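So the chains spell out like this:
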Amino acid sequence: MSVWSNNAKFVNGKLEISGCAVSELAKEFGTPLFVIDEADFYARAKAWQSALNSGFGANAGTVYYAAKAFISVEIAKWINEIGIGLDVCTGGELEVALAAGFPTSKIELHGNNKSVAEIAKAIEVGVATIVVDSLQELARVSKLASAMNKVQSIMLRLTPGVEAHTHEAISTAHEDVKFGFSIASGAAWNAVVAARSAMNLKLKGFHCHIGSQIFKSEGFELAADRLISLLAKYQDEFKEELPELDLGGGYGIAYLENEITLDPIETMTHLANVVKKSCAANNLKVPQISIEPGRAIVGPTTTTIYEVGTTKEVRLENGEVRWYISVDGGMSDNIRPALYGAEYSAYLANRNSDASLRNSRVVGKHCETGDILIREVKLASDIEPGDLLAIPATGAYGRSMASNYNHMARPAVISVINGTARTILRRESAADLLALDIKESPRTIPGVTQNERRDK
Ligand code: LLP
């Protein structure tokens, strides 16, 4: 059951996650519901750190969990307890980390357009690293650090010109992208020179992130190789070594039964061999190697539970019949199918069914044809309103990219462990949906009555 979290299993047709039957969870917490397998989250996060440690030994740096995949105060507390670092890419994500009391010495700040306020806050609270993305930003960080009389550690985000084999929108390190400094064009080297002469900055090393949901190792290897060549050039030129290389995240997971989730040990052993070889070829000591997995930690830990609201037979032009199953969520809690053509699988979760399978499409409740969660899936022909469908592997970029489209309340996230369940992020309420509306907004223009104003 590679698409499922470690502690999920079907008992007589009923899905249980870490000892909690999802039908009971649905009754208690409502649907749609994100159910996160807490022990699985811990296990996966620890597995990446120990794989990094075993691959790189003394040169193992930090696993920075990519908050963008999914963060909440509780998750930040878990990350802290596990003892790994946190990658945040906005002031908002930083606020969550701070609210959780996350140690700032283990936070790195990303982003291609960090505001002055975000940079100032990050320096003020003492984040470990700011990953600098442009020359303007370099100047901003330097100016702000100087004004605060602090020395800020930075890394430079580099684009190694690698075509990662993933969806275009989530591939980040080829040349024509908004991120980082291109190595090939010489921009990266100019940034190195600028960073060395900027006041109150300490250049720690280079960073790259080639994309997301990647399975082929070639991209990671080529990127590492190109960054290491630049480290070697640095050493030649300045007769000193940069201590750290951060190779980003992007490790792929299974969304469908026939797919795999990358194994941390295998992945890190392979990467370590490549890095060691490349460093040896460049006459360079192996630097500290850090990584930033998001999806590979949280993605498989979470299952979304929906309740079926309606079912409908639709006759297609070719005479075939498609069974439309509408659930009580959709593109507001999982935009990935609509945005990236992402594929998922769905399972009847509340009972056994011996009914024959039929061609089904799982759709949401939004007023939009493209609100499709699963384009084609075989599901039991006796599925009816009130049944529960489970979609596994929705932990990454699900709740974190959720919206209030059509004024839908974003679902709760509950954590399950050893038969107990608790809310870690509550469901939005009608009051939340109205919270930003200014109900008594004055429309007066001095000397003009409301009616006169309307008439103009
Ligand atoms: N580090 C950096 C600098 C990143 O930009 C990202 C993801 C990560 C780490 C974590 O990547 P992961 O290990 O999760 O693949 N919304 C898209 C994915 C966007 C990824 C953006 N950056 C999706 O739903 O597939």
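The shown structure was predicted, so the numbers you read here are calculated from the model rather than taken from an experiment.

**A word on the domain arrangement of the protein chain**
According to the domain assignment, the protein chain consists of domain 1 (8-36 + 300-434) and domain 2 (110-293). Its C-alpha centre places domain 1 at a distance of 36 Å from the equivalent point of domain 2. Tallying the contact residues gives ten residues for domain 1 and ten residues for domain 2. Buried surface at the junction of domain 1 and domain 2, both sides included, amounts to about 870 Å², of which 60% is carbon and sulfur. For the interface between domain 1 and domain 2, the tally reads two residue pairs in polar contact (both at pLDDT 80 or more).

**Quick look at the sheet that holds strand β2 (residues 14-17)**
With respect to topology, three strands assemble into an open sheet ordered β1-β2-β3, the strand pairing being antiparallel. Every interior strand has two partners, whereas the edge strands, β1 (8-11) and β3 (20-21), have only one. Here two bridges tie β2 to β3, and the two strands are oriented antiparallel to one another. Looking at β3, one finds that isoleucine 17 is bridged to cysteine 20.

**Notes on the packing of helix α4 (residues 91-99) against helix α5 (residues 116-125)**
Viewed as axis vectors pointing N to C, α4 and α5 meet at an angle of 25°, and their least axial separation amounts to 10 Å. In terms of orientation, α4 lies roughly parallel with respect to α5. As for the relative orientation of α4 and α5, their crossing is left-handed in sense. Residue-level contacts link Gly91, Leu94, Glu95 and Leu98 of α4 to Glu118, Lys121, Ala122 and Val125 of α5. By residue class, the composition of the contact of α4 with α5 is four nonpolar, one polar and three charged.

**Remarks on the packing of aromatic side chains**
Scanning the model with the defined rule gives eleven aromatic pairs in all. Relative to phenylalanine 10, the ring of tryptophan 4 has its centre 5.5 Å away and its plane inclined at 85°; by these criteria the two rings are edge-to-face. On the accessibility criterion, tryptophan 4 (2% relative accessible area) is buried. Accessibility expressed as a relative area gives 31% for phenylalanine 10, which makes it partly exposed. Ring plane angle 75° and centroid distance 5.0 Å describe the contact between tyrosine 255 and tyrosine 344, whose orientation is recorded as edge-to-face.

Parameters and conventions
- Residues numbered from 1 in each chain as written.
- Predicted model: local features only at pLDDT ≥ 70, side-chain atom pairs only at ≥ 80, totals over all residues.
- Heavy atoms only, no water.
- Domains from an automatic or database assignment.
- Contact = heavy atoms within 4.5 Å.
- Buried area = accessible area lost by both parts, 1.4 Å probe.
- Polar contact = N/O pair within 3.5 Å; in protein donor to acceptor, adjacent residues only side chain to side chain.
- Pairing = 2+ DSSP bridges.
- Helix = DSSP H or I, 4+ residues; strand = E, 2+ residues; numbered from the N terminus.
- Axes fitted to C-alpha atoms, helices over the stretch in contact; angles between N-to-C directions.
- Parallel < 35°, antiparallel > 145°, perpendicular 65-115°, else oblique.
- Left-handed = near helix turned anticlockwise from the far one by under 90°.
- Nonpolar A, V, L, I, M, F, W, Y, C, P; charged D, E, K, R; others polar.
- Phe/Tyr/Trp six-rings, centres within 6.5 Å; stacked < 30°, edge-to-face > 60°.
- Buried < 20%, exposed > 50% of the residue type's maximum accessible area, 1.4 Å probe, protein only.

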